[in-house]
Amino acid sequence: MSIIAVSQLVKRYGDLAAVDGISFEVAPGELFGFLGPNGAGKTTTIHLLCTLLTPTSGRASLAGYDCVREPHRVREAIGLLFQDTTLDHDLTAWENLVFHAALYNLDRATARDRIARMLDLVGLADRQRDLVRKFSGGMKRRLEIARGLLHYPKVLFLDEPTIGLDPQSRHHLWGFLHTLRKQREMTLFMTTHYMEEAEQCDRIAVIDHGRIIALGTPGELKRLVKGEMIYLTTADNARAVPAIREVFGLDAREEGGRLYLEVDEGEAFIPLLIRRLPVAVLSVSLHKPTLNEVFLHLTGRAIRAEEADALDVAREAVRARRRRDV
């Protein structure tokens, strides 16, 4: 039985579809990833599953509970790590967790025991009396995970868990998440636009413009890209594209000033390309398929940590209108 089941889920903001008819399932204990650029619908999907938003149409259930009809039961079954920190920086680590335990109606003895366990689990037991404002970004993330685990959730949602962290903190946080998964046998649902993080997932849903365009293991997704990718820059890309089509019968596309094309045997093809192309080749490189190539293959563009697009503007407009109506 699936721990998460989603069927034709839709969330609209006016004429814009943030989530556009997606369907998928997540197995218990799975590390499931949503891969896509900012504005693709990743965070909106998490908010729908966590009952923070109501879908326009479609259905979603978590741990057997309907996300619309049984929101309180769903909330009891989940933990959530937001993109932006929601800790109280004027409280200590211990006080932050005490406040959260009260929200889940944990009695004092249970709360005290679990807080001690969670702080030890995330390696912050020796800093429990320190104000959170003194913590590094990585320490804050670990404290937020401890907070999300206090009520022993069945699913932990991680929305861009390492955003804003330096590489060392990201590495340490991932080591902790893998340890946590083994110890707690917990389902992890993560959104990311970092390829190296997506590689660690059991399965990945690639989402773009609110739609799931591919779903599978990292290996299965890479097999969608047949052959190898060649990236090159030329003295005249505008001339090179039709020349590649005419000489080799291949379609080259441009991304960020570079051309890319898919071939079966890249090492043998590159000398022919340089010799027969009627414009000078300034640089060329060969890449085996990666998840970025998968996204490039499916959408014609690479995943970047780009600024939020018109969809984010529309969402903020809706929020502002709601605030005015209160």
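Think of each chain on its own: its residues are numbered from 1, step by step along the sequence as written. Whole-chain, interface and lining totals are the exception, using all residues; otherwise, since this is a predicted model, local features are given only for residues with pLDDT of at least 70 and side-chain atom pairs are given and counted only at 80 or more. The basis for every side-chain value is the complete set of heavy atoms in the structure, and neither hydrogens nor water enter the calculation.

*Asks:* Tell me what's going on with the pattern of salt bridges, and back it up with residues and numbers.
*Replies:* Each reported salt bridge corresponds to a side-chain nitrogen of Lys or Arg within 4 Å of a carboxyl oxygen of Asp or Glu. Counted by the stated rule, this structure contains 16 salt bridges. Glu196 is the partner of Arg170 in a salt bridge, and the nearest nitrogen-oxygen pair spans 2.4 Å. On the criterion of sequence distance, the pair formed by Arg170 in helix 6 (residues 167–184) and Glu196 in helix 7 (residues 195–198) is long-range, its members being 26 residues apart. Of the charged contacts, one joins Arg170 and Glu197 as a salt bridge, the two residues approaching to 3.7 Å between their closest N and O atoms. Of the two residues, Arg170 sits in helix 6 while Glu197 sits in helix 7, which places them 27 residues apart along the sequence. You'll find Arg170 and Glu197 in the same group, each marked buried. Three or more residues joined by partner-sharing salt bridges are found here, namely Arg59, Asp66 and Arg69. Numbered from the N terminus, helices here are DSSP runs of H or I no shorter than four residues, and strands are runs of E no shorter than two. Accessible area is worked out with a 1.4 Å probe on protein chains only. A residue is then buried under 20% of its type maximum, exposed over 50%, and partly exposed in between.

*Asks:* So, the side chain of Arg170: which residues are in play, and what are the values?
*Replies:* The buried category is assigned to Arg170, whose relative accessible area is 15%. The contact criterion used throughout is that any non-hydrogen atoms of two residues lie within 4.5 Å. Leave out the neighbours within four places in its chain, and Arg170 touches Thr162, Leu165, Tyr194, Glu196 and Glu197.

*Asks:* Explain the pairing of strand 8 (residues 187–192) to me, and be specific about the residues and the numbers.
*Replies:* Among the six residues of strand 8, six are classified as buried, and the element is accordingly described as predominantly covered. Here strand 8 shows two buried faces, one formed by Thr187, Phe189 and Thr191 and the other by Leu188, Met190 and Thr192. Sheet topology places strand 3 (residues 31–35) next to strand 8; five bridges connect them, and they run parallel. From the neighbouring strand, Gly33 faces strand 8, where its bridge partner is Met190. In the sheet, strand 7 (residues 155–159) pairs with strand 8 via five bridges, with the strands oriented parallel. Residue Val155 lies in a different strand from strand 8, and its bridge partner there is Thr187. Here a crossover is taken to be right-handed if, once the strands point away from the viewer, the path from the first strand over the helix to the second is traced clockwise. Of the crossover connections in this fold, the one passing from strand 7 over helix 6 to the parallel strand 8 is right-handed. For two strands to count as paired, DSSP must find a minimum of two bridges between them.

*Asks:* Tell me about the packing of aromatic side chains, and please be specific about residues and values.
*Replies:* Two rings belonging to Phe, Tyr or Trp (six-membered ring only in the last case) form a pair when the distance between their centres is within 6.5 Å. Interplanar angles under 30 degrees mark stacking, angles over 60 mark edge-to-face geometry, and anything in between is tilted. Here the structure, examined in full by the defined rule, presents nine aromatic pairs. Considering the side-chain rings of Tyr231 and Tyr260, the 6.2 Å spacing of their centres and the 35° angle between planes classify their relative orientation as tilted. Residue Tyr231 is located in strand 11 (residues 228–234), and its partner Tyr260 is located in strand 13 (residues 258–263); the two are separated by 29 residues in the primary sequence. Across the pair, Tyr260 and Tyr231 agree in class, each one buried. Judged by centre distance (4.9 Å) and plane angle (65°), the rings of Phe248 and Phe269 are edge-to-face. Here Phe248, found in helix 9 (residues 237–248), pairs with Phe269, found in helix 10 (residues 266–276); they are 21 residues apart in sequence, far enough to count as distant. Consider the ring centre and the ring normal. A charge sits over the ring if Lys NZ or Arg CZ is within 6 Å of that centre and within 35 degrees of that normal. Its end group placed over the ring of Tyr152, Arg114 keeps NZ or CZ at 4.0 Å from the ring centre. Seen from the ring of Trp94, Arg129 lies directly overhead, with NZ or CZ sitting 4.8 Å from the centre.

*Asks:* Got a sec to walk through the environment of Gln200? Specific residues and values, please.
*Replies:* Checked against the element boundaries, Gln200 lands in the loop between helix 7 and strand 9 (203–208). Put simply, Gln200 and Trp174 are 26 residues apart on the chain and 9.4 Å apart in space, counted from C-alpha to C-alpha. Other than its neighbours up to four places away in sequence, Gln200 contacts Leu31, Trp174 and His178. Here a polar contact means two N or O atoms within 3.5 Å. Within protein one must be a hydrogen donor candidate and the other an acceptor candidate, and residues neighboring in sequence count only if both atoms are side-chain atoms. In this structure the side chain of Gln200 is engaged in a polar contact, spanning 2.5 Å, whose partner is the side chain of His178.

*Asks:* How would you sum up the side chain of Lys140? Please name residues and give values.
*Replies:* Within the secondary structure layout, Lys140 lies in helix 5 (residues 137–149). No salt bridge is formed by the buried Lys140, whose closest oppositely charged neighbour, Glu144, lies at an N-O distance of 8.8 Å. Residues contacting Lys140, with those up to four places away along its chain left out, are Leu87, His89, Val132 and Phe135. A positive count includes Lys and Arg, and a negative count includes Asp and Glu. His and the chain ends are not counted in either.

*Asks:* Which residues make up the sheet that holds strand 6 (residues 78–81), and what values do they have?
*Replies:* Spatially, six strands are ordered 6-7-8-3-9-10 in an open sheet, and the strand pairing comes out mixed. Because the sheet does not close on itself, it has two edges, and the strands there are strand 6 and strand 10 (211–216). Averaged over all adjacent pairs, the angle separating strand axes in this sheet is 15°, with direction ignored. Strand contacts of helix 5: strand 6 and strand 7, with the helix running at about 165° to strand 6, the strand carrying the most contacts. Helix axes are fitted to C-alpha atoms over the stretch in contact, other axes to C-alpha atoms as well, and angles between N-to-C directions run from 0 to 180 degrees. Against the sheet, helix 11 (residues 291–299) touches strand 3, strand 9 and strand 10, its axis set at about 40° to strand 9.

*Asks:* Mind laying out helix 11, listing which residues take part and the relevant values?
*Replies:* When helix 11 is considered as a whole, its buried residues turn out to be Leu291, Asn292, Glu293, Val294, Phe295 and Leu296. After helix 11 finishes, the residue Gly300 shows a positive phi value of roughly 85°.

*Asks:* I'd like to hear about the pairing of strand 3, residue by residue, with values.
*Replies:* Within strand 3, five of the five residues are buried, which leaves the element mostly enclosed by the surrounding structure. Side chains Leu31, Gly33 and Leu35 of strand 3 all project onto a buried face; the interleaved residues Phe32 and Phe34 project onto the opposite face, where all are buried too. With four bridges joining them, strand 3 and strand 9 adopt parallel strand pairing. Note on strand 9: the bridge partner recorded for Leu35 is Val206.

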